[in-house]
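# An overview of the molecular structure
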Amino acid sequence: MSDGAERMPRKRDPIMSAETSSPDLSGGVQEAPESGNVPLLRMEGIVKSFPGVKALRGVSLSLQAGHVMAIVGENGAGKSSLIKTLSGAYEPDEGRIEINGVPLARGTNAAIDAGVAVIYQELSLINDMTVAENLFLGRMPSRGGFVMRREANEQARQALAQVGLDNVSPSMRLGDLPLNKRQLVEVAKAVARDARILVMDEPTAALQRGDIANLYAVVRRLRAAGMGIIFISHHLEEVFELADSAVVMRDGATVSSRPMNQWTEQELVQAMVARNLDSFYPWEPRDYGPVVLEVRDLASPPIVRHASLSVRAGEIVGIAGIAGAGRTELLKAIFGALPVTKGELLIRGKKVSIKSPTDGIRHGLVYTAEDRKLEGLVLEASIEENVALSSLKALATGGFTSNARKRKLAQEASTRFAVRSPSVMQITGNLSGGNQQKVILGRATATQPAVIMLDEPTRGIDVGAKTEIYAHMVSMARAGAAVIMVSSELPELLGMSDRVLVMYRGSIVTEIARDKADSETVIQWATTGVGA
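Quick caveat, the model's predicted, so the values are computed rather than measured.

A few words on empty space enclosed by the protein. Evaluated as defined, the whole model comprises two cavities of 30 Å³ or more. The computed volume of the largest cavity comes to approximately 180 Å³. Forming the walls of the largest cavity are 16 residues, and the residues nearest its centre are Gly321, Ile322, Ser488, Leu490 and Ile523. Elements supplying a minimum of two residues to the lining of the largest cavity: helix H18 (490-496) and helix H19 (519-528).

Here it is as structure tokens:
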């Protein structure tokens with residue numbers, strides 16, 4: 001399909017009935033009619049399991065040359081596992097991968113040699129090397145053991161020209177290029193390797209609008225040249241703009257596929273979610289107190305552009321958004337862990353200046369990090385030491401920390417959150433994920449905060465521990481704290497929040513009341529920035 005007039009306009013029909021919109025759950029994909037040619041890529045019955053998790057459940061799909069296929073699905077749907085299996089990073093437990101009808105040998109080098117190139121959201125480039133060295137990393141043109149830099153630079157110029165980087169010198173240091181051009185260098189790297197299949201995983205996450213338009217143009221040129229492209233994006237407007245077809249993944253399986261002119265945004269969202277809330281969310285209606293935290297037009301470049309919100313005492317406010325929308329950065333900016341260039345913060349109606357986490361704690365804010373092992377805990381330290389970290393000043397007398405008071409604080413927190421451990425002297429790294437998260441909550445509440453900001457509070461913990469964490473959230477709200485929760489799990493957000501705020505490209509774009517919040521509405525706003 002060519003660009004422009006031949007592409008069908010986006011349909012805006014109502015969501016189809018259950019009888020006409022049920023996804024194909026056979027494990028295969030309803031493929032668009034093709035000309036009978038052997039597909040450039042065919043993946044059949046791909047299964048991949050990890051301890052306790054079946055990441056891929058018989059995934060099948062095919063990609064033709066000169067075709068852009070979007071793969072969409074919620075976080076955890078299996079998209080990354082599928083791509084890592086294609087690239088050779090993962091060995092499939094079952095299934096078959098063919099490129100141009102030839103079975104693909106396993107291993108990363110085998111995939112590269114067969115013409116597969118993957119561009120991840122985090123670029124795999126080396127800033128201190130030249131552009132040409134990055135393009136030919138591990139395979140610089142050579143003769144008689146000597147690198148032929150002139151030939152490498154000439155080949156690099158040709159590859160760069162194909163992605164619109166005619167004015168970039170192959171001999172310049174890569175790190176001197178802005179991010180948008182480094183992203184295109186990654187594409188040029190695929191071109192220089194004569195890739196036939198290009199996989200792009202969230203390629204626009206860190207780009208501005210003008211840069212995104214340039215990337216679109218490059219993708220269209222590569223499609224016209226016969227490359228097969230797999231495009232993974234949470235932004236549905238990108239999918240409708242670029243893709244010829246869309247494959248929906250859910251719970252490790254491909255559940256539906258259609259040409260883009262047969263999809264509507266509503267249908268695509270419905271195919272992505274298609275599940276009901278679980279029953280273990282202990283939410284309950286509560287009386288709210290006055291506004292505790294108000295954020296007015298906050299900006300923290302380069303991610304957070306415009307954010308305004310307020311939270312009342314006793315309220316649980318959820319923040320939804322896709323990866324890269326700015327949810328974590330917003331919480332960190334409010335807490336003082338990221339610089340703020342614009343906007344105001346008010347605590348109980350009084351304007352405050354928060355320049356550091358110390359300021360945040362002093363004003364009654366706490367933040368629990370998304371990555372508890374990297375940012376949330378000192379794993380080599382005891383429960384006691386971790387709980388006391390935010391309260392050391394309060395525990396000190398005459399400049400010396402009271403061990404007795406520190407022990408009492410940790411024991412109270414451990415009892416309150418039911419940390420399963422023989423003693424508060426237990427090394428935190430030896431605890432389960434759920435108990436580690438309880439230690440973090442113990443430290444957070446030890447300062448008796450007015451506002452508790454929880455970033456992915458149940459990530460990586462089992463269902464039983466999740467239920468306990470949810471109950472603690474309700475208890476904290478019932479005790480009068482204002483609770484803000486960021487979560488990538490929609491059922492969790494919908495099940496626990498009194499209101500849901502949705503972020504899109506660094507801005508809060510809507511607020512949805514609990515009784516009006518559902519998966520389709522939240523995903524619609526999170527992936528397009530507008531409502532249905």
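Glancing now at the packing of helix H6 (residues 179-192) against helix H7 (residues 209-224). The interhelical angle for the contact between H6 and H7, taken along N-to-C directions, is 10 degrees, at an axis separation of 10 Å. For the element pair H6 / H7, the angle class is roughly parallel. Judged by residue contacts, Asn180, Leu184, Val187 and Val191 of H6 engage Asp211, Leu215, Val218 and Leu222 from H7. Among the residues making up the contact of H6 with H7, the classes are represented as six nonpolar, one polar and one charged.

Attention now goes to the pattern of salt bridges. For the structure shown, the criterion picks out 25 salt bridges. Of the charged contacts, one joins Arg499 and Glu511 as a salt bridge, the two residues approaching to 2.9 Å between their closest N and O atoms. Remark: Glu511 occurs in strand E24 (residues 507-513) and Arg499 occurs in strand E23 (residues 499-504); sequence separation between them is 12 residues. The class of Arg499 is buried, set by a relative accessible area of 13%. Members of the salt-bridge network, linked through shared partners, are Glu294, Arg296, Glu344 and Lys351.

The next thing to look at is the side chain of Lys332. Turning to its location among the elements, Lys332 is positioned in helix H10 (residues 327-335). The contacts of Lys332, once residues within four sequence positions are left out, are Ala337, Leu338, Tyr367 and Glu375.

Let us look at helix H16 (residues 433-446). Helix length check: H16 (14 residues) gives 20 Å between terminal C-alpha atoms against 20 Å at 1.5 Å per residue, within 8%. Burial within H16 is extensive, with 13 of its 14 residues counted as buried. Directly beyond the C-terminal end of H16, a positive phi value near 50 degrees is found at Gln448.

Let's shift gears to the sheet that holds strand E1 (residues 41-50). The four strands lie next to each other as E2-E1-E4-E5, forming an open sheet whose pairing is antiparallel. With partners counted over all chains shown, the strands left at the sheet margins are strand E2 (53-63) and strand E5 (102-103), one partner each. With two bridges connecting them, strand E4 (residues 94-99) and E5 associate as antiparallel partners. Residue pairing across strands places Glu98 opposite Pro103, the latter belonging to E5.

Soluble, globular proteins show a tendency: their nonpolar side chains are buried together. Ranked by internal contacts, the top residues of the largest apolar core, which has 132 residues, are Leu135, Leu198 and Leu330. Beyond its immediate stretch of four places on either side in the chain, Leu198 contacts Ala117, Ile119, Val187, Ala190, Leu222, Met227, Gly228, Ile229 and Ile230. Of all hydrophobic cores here, the second largest spans 27 residues; its members include Leu63, Leu82, Ala114 and Val247.

Sizing a probe to match a water molecule and rolling it over the atoms shows the empty space that remains. In this structure, the second largest pocket occupies an estimated 630 Å³ of space. Looking at the second largest pocket, it is lined by 27 residues, and the ones nearest its centre are Ile361, Leu389, Ser390, Ser391 and Thr447. The set of elements that each furnish at least two residues to the lining of the second largest pocket consists of H10, helix H11 (357-362), strand E18 (365-368), helix H12 (372-376), helix H14 (392-395), helix H15 (403-416) and H16. Taken together, the residues of the lining of the second largest pocket sort by class into 15 nonpolar, six polar and six charged.

Cut-offs and rules
- Residues numbered from 1 in each chain as written.
- Predicted model: local features only at pLDDT ≥ 70, side-chain atom pairs only at ≥ 80, totals over all residues.
- Heavy atoms only, no water.
- 1 Å grid on protein atoms, 1.4 Å probe; cavity = no way out; pocket = protein on both sides within 12 Å on 5 of 7 lines; lining within 4 Å.
- Points joined across faces, edges and corners; volume = space filled by probe spheres on them.
- Helix = DSSP H or I, 4+ residues; strand = E, 2+ residues; numbered from the N terminus.
- Axes fitted to C-alpha atoms, helices over the stretch in contact; angles between N-to-C directions.
- Parallel < 35°, antiparallel > 145°, perpendicular 65-115°, else oblique.
- Contact = heavy atoms within 4.5 Å.
- Nonpolar A, V, L, I, M, F, W, Y, C, P; charged D, E, K, R; others polar.
- Salt bridge = Lys/Arg side-chain N within 4 Å of Asp/Glu carboxyl O.
- Buried < 20%, exposed > 50% of the residue type's maximum accessible area, 1.4 Å probe, protein only.
- Expected span 1.5 Å × (residues − 1).
- Pairing = 2+ DSSP bridges.
- Core = buried A, V, L, I, M, F, W, Y, C linked by side-chain atoms within 4.5 Å.

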